[in-house]
Structures are given as C-alpha cells and as structure tokens.
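Residue-level structural notes
Below, each chain spelled out in residue letters.
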Amino acid sequence: QVQLEESGGGLVQAGGSLRLSCAASGRTFSSYAMGWFRQAPGKEREFVAAISWSGLGTYYSDSVKGRSTISRNNAKNTVYLQMNSLKPEDTAVYYCALTPSFKGGTTYYSERGYDYWGQGTQVTVSS
C-alpha cells in the first residue's frame, strides 16, 4: 500500500507563509496525481489544490488561488504546497491525497477521486 506523510504545518501569524510537504512511500505507480484538502472543526473537508503527474496541470480552490502554489518532485515522491499571505480562515488540518487515476465522475477537486490519504498536519493562523 501507499503511505503519505505530511509535514510543515504549524502556527503562523496572519500574513505569514508556510510550505507544506507530503512524501509518498510504499507501493509505486507509473504515474499519479496528488492533491491537498483541508478541514476545519465543524466544517466539511474542502479541496485546496492539486497537481497532475507531469506537474503541468495545477488546480486551486478560489479561496487560495493567487496565494498558494502547488508543486512536486517526482524523484523524491513529494508534493509541496507553498502558502503565502495566510489568513485566520486558512486554519485547518491539511491532508495530502494521492490517486493513480481518477474514476468516472471524479476529477482533481473531488475528494472521492483519491485513493490514499495522509494523517494530516495542523495549520493555525493567528490574527
């Protein structure tokens, strides 16, 4: 199976930056997409960003577009999420996800489209 380990979360003041990392290990696939989702207490899990295998396709939620950049290093089996100009509403547990292929009716922004998930890393933005 695949294991995903997130890192880079923490406490940051509003306006600050964080770079989240997600390293995949275990089973390998010929190609796979990776994404980031987040969940705040009492709220639904929501899509944040995703990236295609080649890295040429990147996708962002409206809430982080313009402030965040997703990238990957396939040699390291790692995806990154650079988050700038952080806001208190960015506070959440951030989860990394991976899928070798999307099922019918799902795509990069769909939680159901991903097969493997990390344990999450906490991001707290103070005002």
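My aim in this report is to walk through the structure given alongside it, one point at a time. Think of each chain on its own: its residues are numbered from 1, step by step along the sequence as written. A pLDDT threshold of at least 70 governs which residues receive local features in this predicted model, and a stricter bar of 80 or more applies before side-chain atom pairs are shown or counted, although totals over entire chains, interfaces and linings include all residues. Side-chain metrics in this entry use all non-hydrogen atoms of the structure; hydrogen atoms and water are not considered.

**Section: unusual backbone geometry**
- A positive phi is found at Asn77, a non-glycine position, where the angle reads about 50 degrees.
- Although it is not a glycine, Ser85 adopts a positive phi angle of roughly 50 degrees.
- By definition, any uninterrupted DSSP run of H or I lasting at least four residues is a helix, any uninterrupted run of E lasting at least two residues is a strand, and each is numbered from the N terminus. Position of Ser85 among the secondary structure elements: in the loop between strand S8 (78–83) and strand S9 (92–99).
- Each residue gets one of three labels from its accessible area relative to the maximum for its type: buried under 20%, exposed over 50%, partly exposed in between, using a 1.4 Å probe on protein chains only. The exposure class assigned to Ser85 is partly exposed, which follows from its relative accessible area of 40%.

**With respect to the environment of Cys96**
- Here Cys96 is to be found in strand S9.
- Here Cys96 falls in the buried class, since its relative accessible area comes to 0%.
- Note: C-alpha distance between Cys96 and Gly113 (17 residues apart in sequence) is 13 Å.
- Note on contacts: a residue pair qualifies if any of its non-hydrogen atoms lie within 4.5 Å across the two residues. Every residue in contact with Cys96, bar those within four places of it in the chain, is listed here: Leu4, Glu6, Cys22, Met34, Gly35, Trp36, Val79, Tyr116, Trp117 and Gly118.

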